[in-house]
Every structure is written in structure tokens, then in C-alpha cells.
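Close look at the chain arrangement
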Amino acid sequence: MEPVVRTPSAHTMPLVQRFFRVPPRPPTTPELIAALTTWRGPDAPAGPDDVHRTAADFIQLAAETHTTPTAELPEVADVLTRTLLAVGELDLTDADAVRLGPQDYARRLRGAVQGADRGLSPDAAWFHDELLVAVCLHVLHHLVRRSPYIQRHMPERASRVRQLVDLNDAEVAAAARRSEPSREDAEFEAAYAQEVVRQHGWLTIVGVDFAHAPDRWPLEDTYLSLQAEESSGGPVAGAGGQQRTVLLADRALEGHERVLLRGVAGSGKTTLVQWLAVAAAREGARVPFVLPVRRFAREGFPSPDDFLHAVRHPLADRAPDGWVVRTLLAGRALLLVDGIDEAPEESRGALRGQLRRLLRIFSGTACLVTSRPSAVEDGWLAQERLAEEGFTELSLAPMSRDQVTRFIRDWHTAAMSDAGQDTDSLKEYEQRLLHSVRIYRELRQLATNPLMCGLICALNRDRSGSLPKGRKELYDAALEMLLQRRDPERDVLYADDVRLQQGARELLLRKLAHAMLDEGLSELPRRRVVDVLDHALPAIPSARAAGDGEKIFVHLLHRTGLLREQAGVSVDFIHRTFQDYLAAKEIVARGDLDTLVDHAHQPEWEEVIRMAAAHARPDECARFLERLLSAAPGLRRPHVNHRRLMAAACLEHVSELDPAVQELVHRRTKNLVRPTTEQGARSLGWVGPIVLEQLPDPEQVPGDQQALLLAITATRVQDDAAIDYLARLRTRTSLAIRTELARPWRHFDTERYAREIIAHLAPEGLYFPVSDAAELAALRGLGGRPRIQVAGVMRTEELLAGLVPDRLTHLWLNAELPDPDMSWLARFPALRVLRVNPRLPRVRNVPEGVSITA
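Residues numbered from 1 in each chain as written. Predicted model: local features only at pLDDT ≥ 70, side-chain atom pairs only at ≥ 80, totals over all residues. Heavy atoms only, no water.

Some words on the sheet that holds strand S11 (residues 563-566)
Spatially, three strands are ordered S10-S12-S11 in an open sheet, and the strand pairing comes out antiparallel. The open sheet has two edge strands, strand S10 (523-525) and S11, and neither has a second partner. This sheet shows a mean twist of 25° between the axes of neighbouring strands, independent of strand direction. Bridging between S10 and strand S12 (residues 570-573) involves three bridges; their strand directions are antiparallel. Bridging from a neighbouring strand, Leu524 pairs with Val571 of S12. Helix H22 (residues 526-536) contacts S10, S11 and S12 of the sheet and is inclined by roughly 90° relative to S10. (Pairing = 2+ DSSP bridges. Helix = DSSP H or I, 4+ residues; strand = E, 2+ residues; numbered from the N terminus. Axes fitted to C-alpha atoms, helices over the stretch in contact; angles between N-to-C directions. Contact = heavy atoms within 4.5 Å.)

Some remarks on the sheet that holds strand S14 (residues 787-790)
If you walk across this open sheet you meet the five strands as S13-S14-S15-S16-S17, and the pairing is parallel. Of all the strands in the sheet, the pair left with one neighbour each is strand S13 (768-770) and strand S17 (851-853). Put simply, the sheet's adjacent strands are angled 20° from each other on average, direction ignored. Here helix H36 (residues 773-781) sits on the sheet and contacts S13 and S14; the angle it forms with S13, its principal contact strand, is near 140°.

Points about the pairing of strand S5 (residues 258-262)
For S5, the tally of buried residues reaches five of five residues, placing the bulk of the element in the interior. Side chains Arg258, Leu260 and Arg262 of S5 all project onto a buried face; the interleaved residues Val259 and Leu261 project onto the opposite face, where all are buried too. Summarising the sheet, S5 and strand S8 (residues 366-371) pair through five bridges and their orientation is parallel. Among the inter-strand pairings, Arg258 is bridged to a residue of S8, identified as Cys367. Note that S5 and strand S9 (residues 392-396) share four bridges and pair parallel. Note on S9: the bridge partner recorded for Val259 is Thr392. (Buried < 20%, exposed > 50% of the residue type's maximum accessible area, 1.4 Å probe, protein only.)

Quick look at the nonpolar core
Core analysis: the largest hydrophobic core is formed by 273 residues, its most contacted members being Tyr105, Phe289, Leu335, Leu508, Phe573, Leu625 and Leu811. Not counting the four nearest positions on each side in its chain, Phe573 is found in contact with Leu509, Leu512, Ala513, Met516, Leu562, Leu563, Arg564, Phe578, Gln579 and Leu582. (Core = buried A, V, L, I, M, F, W, Y, C linked by side-chain atoms within 4.5 Å.)

A closer look at the packing of aromatic side chains
Inspection of every chain in the model, using the stated rule, returns 17 aromatic pairs. Consider the rings of Trp824 and Phe828, whose centres lie 6.0 Å apart with planes at 80°: the pair is edge-to-face. Looking at Arg785, its charged tip hangs above the ring of Phe768, at a distance of 5.2 Å from the centre. (Phe/Tyr/Trp six-rings, centres within 6.5 Å; stacked < 30°, edge-to-face > 60°. Lys NZ or Arg CZ within 6 Å of the ring centre and 35° of its normal.)

Points about the pattern of salt bridges
In total, this model carries 59 salt bridges according to the counting rule given. Residue Arg198 pairs with Glu195 through a salt bridge whose shortest N-O separation is 2.5 Å. Taken together, the positions of Arg198 and Glu195, both in helix H9 (residues 183-200) and three residues apart, correspond to about one turn of that helix. When its relative accessible area of 11% is taken as the criterion, Glu195 is described as buried. (Salt bridge = Lys/Arg side-chain N within 4 Å of Asp/Glu carboxyl O.)

Points about empty space enclosed by the protein
Following the criterion strictly, the structure yields four cavities of 30 Å³ or more and no others. Quantified by volume, the largest cavity comes out at close to 90 Å³. Lining the largest cavity we find Leu813, Ala815, Glu816, Leu817, Pro820, Met822, Val836, Leu840, Pro841 and Val843. Here the lining of the largest cavity is composed, by residue class, of nine nonpolar, no polar and one charged. Estimates place the volume of the second largest cavity at around 60 Å³. Along its surface, the second largest cavity is lined by Leu776, Leu779, Arg780, Gly784, Arg785, Ile788, Gly802, Leu803, Val804, Arg807 and Leu808. When residues of the lining of the second largest cavity are assigned to their parent elements, the largest contribution, three residues, is made by H36. Here the lining of the second largest cavity is built from residues that sort into six nonpolar, two polar and three charged. (1 Å grid on protein atoms, 1.4 Å probe; cavity = no way out; pocket = protein on both sides within 12 Å on 5 of 7 lines; lining within 4 Å. Points joined across faces, edges and corners; volume = space filled by probe spheres on them. Nonpolar A, V, L, I, M, F, W, Y, C, P; charged D, E, K, R; others polar.)

Focus on the side chain of Asn460
Note that Asn460 resides in helix H19 (residues 450-462). Side-chain polar atoms of Asn460 contact the backbone oxygen of Tyr429, separated by 3.0 Å. Sequence-distant contacts of Asn460, defined by excluding residues within four places in its chain, comprise Tyr429, Leu433, Gly465 and Leu467. (Polar contact = N/O pair within 3.5 Å; in protein donor to acceptor, adjacent residues only side chain to side chain.)

Quick look at the side chain of Arg372
You can see Arg372 is positioned in the loop between S8 and S9. With relative accessibility at 15%, the residue Arg372 sits in the buried group. A distance of 3.2 Å separates a polar atom in the side chain of Arg372 from a polar atom in the side chain of Asp580.

Observations regarding helix H3 (residues 48-63)
Given a rise of 1.5 Å per residue, 16 residues ought to cover 22 Å, and the 22 Å separating the end C-alpha atoms of H3 matches this to within 8%. Across the 16 residues of H3, 14 count as buried, placing the element largely inside the fold. (Expected span 1.5 Å × (residues − 1).)

Focus on helix H4 (residues 73-85)
Between its first and last C-alpha atoms H4 spans 18 Å; for 13 residues at 1.5 Å apiece the expected length is 18 Å, and the two agree. Burial in H4 covers these residues: Leu73, Pro74, Val76, Ala77, Val79, Leu80, Thr81, Thr83 and Leu84. Here the buried face of H4 lies against H3, helix H5 (94-112), helix H6 (122-146) and helix H15 (345-361).

Side note on the environment of Phe553
Position of Phe553 among the secondary structure elements: in helix H24 (residues 549-559). Exposure remark for Phe553: the relative accessible area of 0% places this residue in the buried category. Sequence spacing of Phe553 and Glu740 is 187 residues, and the spatial spacing of their C-alpha atoms is 51 Å. If near-sequence neighbours (up to four positions away) are discounted, Phe553 is found in contact with Arg526, Val529, Val530, Leu533, Glu565 and Val571.

What about the packing of H4 against H6?
Viewed as axis vectors pointing N to C, H4 and H6 meet at an angle of 45°, and their least axial separation amounts to 10 Å. For the element pair H4 / H6, the angle class is oblique. Along this stretch, H4 crosses H6, giving a crossing that reads as right-handed. Across the interface between the two elements, Leu73, Val76, Val79, Leu80, Thr83 and Leu84 from H4 touch Ala124, Phe127, His128, Leu131, Leu132 and Val135 from H6. Per-class residue counts for the contact of H4 with H6 are 10 nonpolar, two polar and no charged. (Parallel < 35°, antiparallel > 145°, perpendicular 65-115°, else oblique. Left-handed = near helix turned anticlockwise from the far one by under 90°.)

Topic: a positive patch on the surface
Taken together, the side chains of Arg667, Arg668, Lys670 and Arg674 make up a positively charged region of the molecular surface. Counting through the fold element by element, Arg674 comes out in the loop between helix H30 (659-669) and helix H31 (678-683). On the accessibility criterion, Arg674 (38% relative accessible area) is partly exposed. (Patch = residues over 30% accessible without salt bridge, like charges linked within 9 Å, V, L, I, M, F, W, Y side chains within 5 Å. Areas by Shrake-Rupley, 256 points an atom, 1.4 Å probe, with all protein chains shown as cover. Lys, Arg positive; Asp, Glu negative; His and termini not counted. Charge placed at Lys NZ, Arg CZ, Asp CG, Glu CD.)

Quick notes on the packing of helix H29 (residues 637-650) against H30
Two numbers describe how H29 lies on H30: the axes approach to 10 Å, and their chain directions differ by 140°. One finds that H29 runs oblique with respect to H30. Here H29 runs over H30; the crossing is left-handed. Contacts between H29 and H30 involve Arg644, Ala647 and Ala648 from the former and Val665, Arg668 and Thr669 from the latter. Residue classes in the contact of H29 with H30 are distributed as three nonpolar, one polar and two charged.

Regarding a negative patch on the surface
A contiguous patch of negative charge, built from Glu184, Asp305, Asp306 and Asp321, is present on the exposed surface. Within the element layout of this structure, Glu184 appears in helix H9.

By themselves these figures say nothing about function.
Listed below in C-alpha cells is the structure:
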């Protein structure tokens with residue numbers, strides 16, 4: 001009897017062949033099937049995970065021509081895996097299996113794992129059973145083809161198997177002809193694309209919120225194309241075994257099917273998701289599904305049928321049944337999973353497993369996942385055996401000096417676009433800010449991502465050029481601007497009848513931020529938000545007199561600029577950074593710093609802990625730091641060390657602290673800042689400038705390996721104080737040390753770093769990295785160098801202006817160039833070698849006499 005669910009033999013047989021070893025010679029007698037499987041025995045080349053991948057591929061093949069229980073496909077894959085593993089357990093020969101036929105052989109496999117389909121719906125169980133029969137047919141076909149014994153002694157059975165395969169393929173072909181996209185699907189997809197552009201085609205530029213001016217701007221006019229870095233080890237990598245490849249972030253999916261993108265708070269991850277969604281919707285080649293993790297963090301990753309409902313998409317109820325699955329099966333879907341760090345830590349592993357299972361079944365699906373850097377470890381979405389299933393890991397790079405300049409100019413251009421604005425004053429503020437960012441170290445350190453740049457621009461205008469210098473002071477000023485001065489300066493005085501001053505507004509927002517932190521969520525249901533406010537109002541007289549929780553919520557939503565409501569169902573802060581900052585302030589106000597100690601080993605609490613230390617009174621902060629440094633019997637040593645390093649990191653933010661406590665922090669952490677591995681050396685950089693005081697004198701370190709570890713740590717501090725430390729390593733001859741000293745140039749003042757570090761590095765064998773035009777000009781001012789690494793996205797004219805023609809002998813393109821045409825290199829007569837990173841687009845028109853190497 002032929003199977004009801006069918007898969008084409010041309011695609012199924014390669015999958016079946018994964019199950020069986022290649023025989024050294026054709027068998028002349030019946031063979032035990034279990035002994036032929038690839039996942040049994042001490043030298044097994046495969047394992048259960050490989051069987052699961054193959055099961056997912058079988059399901060995808062079947063789903064292309066058959067209606068499937070779409071919500072349960074991952075569960076079906078799990079059950080099918082367990083059933084197929086029984087192939088390696090039954091005491092059957094290949095001749096026995098062929099004699100049984102596909103139906104009875106499938107029944108024997110199901111009997112070997114009774115209860116495996118428990119929990120499946122009747123439709124899903126039926127689909128599994130029928131698909132198993134189809135797989136068994138192709139397994140029998142494989143056994144027939146590999147066995148001369150079966151062909152010679154069982155010709156009728158062998159012929160029947162071949163006949164069933166032919167009938168199967170004929171029906172598959174007929175079904176494929178009937179599976180053209182329906183008119184209903186096409187019409188809905190067009191409406192969905194328009195809705196994606198409407199929803200995501202706008203950008204809020206922080207602080208551009210003047211009287212009579214719009215509070216959002218077209219994404220295509222204001223989007224800043226950021227850079228992303230891909231790191232990999234290799235023989236030509238620099239210090240630390242890491243080679244950086246710089247890509248344009250918005251083109252990351254052009255060269256990679258699946259990407260895990262890391263970025264700090266405010267670095268532009270969500271804006272990039274918006275850009276990719278809008279670009280895909282307009283081009284039509286892929287259908288974007290924007291999936292903010294905070295919408296389903298508790299419930300788990302939604303099944304395809306629930307994608308639109310899970311994110312509360314306005315067209316969810318209009319989508320044709322099965323449309324999302326058909327899009328996934330066609331290989332046209334683009335999944336944009338935003339903010340995996342916004343799921344509780346204990347839920348992330350389950351979300352990862354659910355996403356992996358989904359992508360195994362719909363193997364042609366492109367996917368981008370975003371996260372804060374410390375929320376998931378390296379290789380979190382990697383696959384061990386099949387590289388094509390794994391994720392490329394990229395990190396959003398801090399904004400370069402050129403990008404900061406462009407952002408500031410774009411911000412002020414957007415602000416001046418309304419005819420009613422005082423353009424002369426705005427032009428003056430723009431020039432002042434460009435000057436300040438160039439000369440003040442504190443501002444340079446803060447202006448490294450779009451959120452902070454936007455705040456700085458807004459505050460510069462709001463305070464007529466008088467800017468706060470530290471991060472805490474910056475957020476304090478931003479809250480004053482948004483909570484107290486925003487409405488009066490926009491001439492919005494009577495939008496509602498609620499009259500609250502900054503203090504009351506901030507108190508209520510702090511309660512919401514604390515509730516989100518306490519519940520491990522980045523958004524709350526609207527009803528829960530109202531409940532939190534209702535509970536807080538009795539203790540805040542001015543707010544209690546203004547109305548109930550519902551009325552106060554509407555006021556905060558529309559009048560503060562810090563909250564947003566999603567589809568009338570859930571509420572979150574416009575940016576996670578504001579949530580962390582306000583939650584920290586609330587914890588300090590409650591005198592509840594001890595609760596933070598319990599979470600100090602968790603990376604996602606780092607920002608809250610730092611800001612809480614900044615807000616705490618001196619005696620509170622002292623006790624808090626002492627507790628971070630105290631013994632923690634219930635924690636493993638790495639977590640204890642992390643807590644102690646958090647104490648050191650807090651010192652950067654406190655304004656007053658008992659010297660004895662400062663000394664205690666130094667004493668308890670000094671042995672933690674003696675790096676013994678490259679990974680350990682890199683991880684120390686986040687502690688901040690305090691680590692420089694505890695590192696040994698590099699001039700007293702005899703060996704190059706230990707000196708290299710010190711250089712790796714100091715270059716990641718990203719404070720100008722590190723230049724003084726690094727200057728004591730600049731005369732080392734080791735190429736690895738010189739490479740590490742040249743690598744972080746972009747994180748420091750260009751001219752000073754060039755003068756005190758770059759100018760002293762011996763050029764032999766060293767590629768000097770340049771990430772922007774300012775660095776290129778500084779290097780030209782030093783007379784150029786023979787070997788240059790282009791480590792940032794630059795235009796051809798910038799390279800022509802900055803490179804020294806008679807000095808350049810080796811050019812390494814380690815970043816995307818807008819134009820792959822290399823004919824301009826003919827102007828460099830000494831150039832002998834062009835090194836091109838193989839991950840980048842292929843270059844063309846390279847002049848004769850210049851050799852190309854990877």
C-alpha cells in the first residue's frame with residue numbers, strides 16, 4: 001500500500017543515506033539493519049542530534065505538498081526522531097524489512113517506542129504516522145539498491161518497492177503543480193508589506209520634540225548605517241587570535257543566512273531590525289516577521305501560525321490560514337527576533353531550543369537574532385556538526401568619529417526641518433557640539449551609540465550648550481528635560497487635566513520600572529501597569545488627587561515621552577536603558593540594595609547595579625560594596641569573582657566613598673586582575689579605569705606573553721588613562737603586542753593615540769588599522785606606513801586622500817568598501833600585495849602587478 005503523505009525520492013534519498021554507512025563491498029547475504037546505522041558503535045560518525053536534523057528535513061519535504069499540523073511541527077519532529085532511532089534497535093535484517101513492506105515496517109518501529117506520540121493532537125499523530133510510512137518506503141528502496149542479495153533472491157518484493165517509489169514521485173509532481181500561491185495569499189502579502197512599512201518605517205530621534213514639530217521621522221531619511229564586526233580565529237589574526245571583519249550592519253544578511261547580532265543598550269539593534277523589515281517589505285523577495293522577544297518571553301517561542309497574534313499585529317485576524325507556514329516553506333521568510341536578552345535568563349535556553357527546532361524544519365528561512373553582549377555566551381546559537389545551520393555572530397561596532405559627526409548633523413537637520421524653528425540657533429548649537437565632542441574625553445566616551453548621541457544633542461540644545469559630563473548626570477538631565485520641561489517648551493500646557501511635576505512623574509515611572517525588573521520582563525500587560533500605579537498612588541498625594549491608575553497611566557504615556565503602548569495590550573519603556581536607570585533609583589529609594597547583591601553575578605543586572613551605586617548615599621554604597629566583596633558559599637567561583645569585579649566597576653560611578661572601602665575593593669580584586677588567558681584578559685576591560693591601577697607595571701614584566709595579556713586588558717578599558725599605561729609597552733618588538741596596541745586606536749583620542757602609541761610602533765610586518773578618515777589623516781601626518789589595514793567602511797576618495805602613494809606596499813581590506821572597483825590602486829606604484837578578507841564581496845579591476853591574497 002503506497003503512503004498517503006509523500007516526499008520526492010530525489011530529495012529524500014540523500015536524507016535516507018545519512019542513516020546508513022557505505023559498505024566496503026556489496027553484501028551477498030542479509031545484513032542486520034541496526035549494524036548499518038551511522039549513529040551506533042564507538043566510531044559512529046553521527047548522533048541523535050543528526051537524526052533530529054534529518055527528521056526536520058523530512059517534515060519540510062512533506063509539508064511542501066501536504067497540509068500539516070503547523071502548530072505542532074517541532075513536536076512531530078521530536079517524535080519522528082525517536083521513532084527513526086528505533087531503526088538502530090530492532091533485530092531485523094534488510095531482507096526482513098523489505099519482506100514486511102513500508103506499512104508493516106513503520107508499524108514495527110512505532111511499536112518499539114510506544115507512547116512516543118503521547119501529547120500530539122490526533123491530526124499531528126496521523127501526520128507523523130503517515131510520514132513515517134513514506135520514510136520507511138525510501139529506507140526500503142535504499143536497502144534494495146545497496147543489496148545484490150535482495151535483488152537476486154527477492155525480485156518481486158524489490159520490484160514492488162521500486163513501483164511504489166515511482167507512484168509516489170508521480171503524485172508529488174502532480175501536487176507541486178497544484179500548489180501555486182493563491183490569489184488570497186498574494187493579496188494578503190501585499191497588504192502585510194504595506195503594514196510593515198507603516199509600522200516600522202518611522203524613527204524617533206531622541207529629544208527632537210519641539211513645538212509644532214513631528215515626534216517621529218521617516219526612517220529612510222534619518223537611518224544611520226552602522227558597522228558590525230565579525231571575529232574569528234586564524235593564522236593571520238592579530239593578538240588574541242581574533243581577526244575583525246567589518247561589515248555594514250544593514251547588509252549582514254546578504255552574506256550570512258543567519259546572524260546573532262550583539263550590541264550594547266542604545267547601539268541601534270532595534271532600529272536595524274526596523275530597517276531590514278522595511279527593506280524586505282519593499283523589495284518583496286522575503287517576507288519579514290518582526291518578533292520582539294518581550295512579547296512572548298514567558299509563553300515561549302510562538303508557532304508559525306501564532307507569529308502575528310504573538311506580537312499583536314493589526315492584521316493577525318485577516319491572515320489566510322497557513323499563510324505564515326507556506327511562506328516559511330517557500331524559503332521566503334525573514335525572522336527578525338529582537339532582544340533575546342529581554343527574556344528571563346531561565347527562559348532563554350528553552351527559547352533557543354524552540355528557535356533551533358523551527359529553523360531545522362524551515363531550513364530555508366533567514367534569521368537575525370539581537371541581544372545585549374553579555375546576555376548570551378559565545379557560540380550560543382552555533383551548531384556543532386552542520387555549519388550551514390549555525391549562526392554567524394556579529395557585534396555592532398561603536399559609532400566612529402565620522403558617524404558621530406554625521407549623526408549630530410542629521411539630528412540638527414531634522415530639528416531644523418520645521419519652518420518654525422530658530423535655525424540660526426540650532427546651527428550654532430550644532431557647531432558647539434561638534435567642537436565639544438572632539439575635545440572633551442567624557443563626551444567622546446558617551447557618544448558611541450545612537451541613543452546616547454541623541455540624548456547629547458537634545459541636552460545640548462535644551463541647555464544652550466552646557467552639557468553634563470558623566471552618564472548619571474546625563475540621564476538626570478534627560479529626565480528633567482522629558483518629565484518637567486518637555487510640555488511647556490512644546491506649548492503643550494492643557495493636553496489633559498492631570499497636573500504632575502517632575503518628582504511625582506518620576507516616582508510613578510520608577511514603580512513601573514521596578515515592577516518590570518522584579519518580574520524579569522521588559523514590558524507589562526496594560527492591566528498590570530494600571531494595577532502597579534493604583535497600588536502606588538495612595539503614597540503620592542499629588543498624584544492621588546489627579547485621578548486613578550488608568551487616568552495617570554494615560555497621562556504618563558502621552559506626556560512623558562518615556563513609555564509606549566503596543567496595540568493597546570502591553571506597555572514598555574522607549575528604551576531599556578531608561579528602565580534600568582529608573583529601577584536602580586527606586587531600589588536605592590527603598591533602601592533595598594541588598595537585593596541587588598543576590599543578582600550581582602548575572603550580567604543582565606550590571607547596568608542596574610552600577611546606577612544603583614551611583615545613586616546610593618555614601619554609607620549605603622559602602623555597605624553595598626562590602627557585601628559584593630563578601631563570601632558567597634552558594635555561588636561558584638566564577639560568579640563570586642564576577643560579584644567582586646562588579647564592586648570594582650561601581651567605583652567609576654560613585655561620587656563619595658569611605659577611603660577604607662575603596663582600599664578594600666582594591667585589595668579584594670587585585671588578584672583578579674592578573675590575567676592568565678587571553679579570554680580572561682579581554683573580560684577585564686569592562687571593569688573600567690580602576691583596573692589600570694591594579695595591573696602590574698608592564699616594563700617590569702619579562703615575557704612577551706604576559707605583556708600581551710596586559711596589553712589586551714588595557715586596550716579594552718577605553719579610557720584615555722589607558723594611553724599612559726600602553727605607552728610603556730610601545731617599544732616591545734613582538735608582532736602580537738604591536739598588533740594589539742594598534743588595534744584599539746578608534747576608541748581613543750585620534751591625535752593623542754597617534755602621537756603617543758602609533759608613532760612608536762615598529763612597522764616591520766605590522767598592518768596599521770584605520771577605521772575612519774581621521775585616523776587615515778593622522779597616519780598620513782606620520783608619513784604613512786607600508787602596510788595598512790582598512791578596518792572601517794570608507795569611500796574610495798577618502799582612501800585616495802589619506803594613503804601615501806610611494807609608501808604603501810601592502811593593503812589589507814578588512815571592511816566593506818562601497819565600491820568593489822579597485823582600478824584606483826594604479827595610483828600606488830609601490831603596492832605589491834592586496835589582501836582581501838574572503839568574507840567580503842569580491843573586488844574587481846585589480847591593477848597588474850598587484851597580487852591578491854586572502
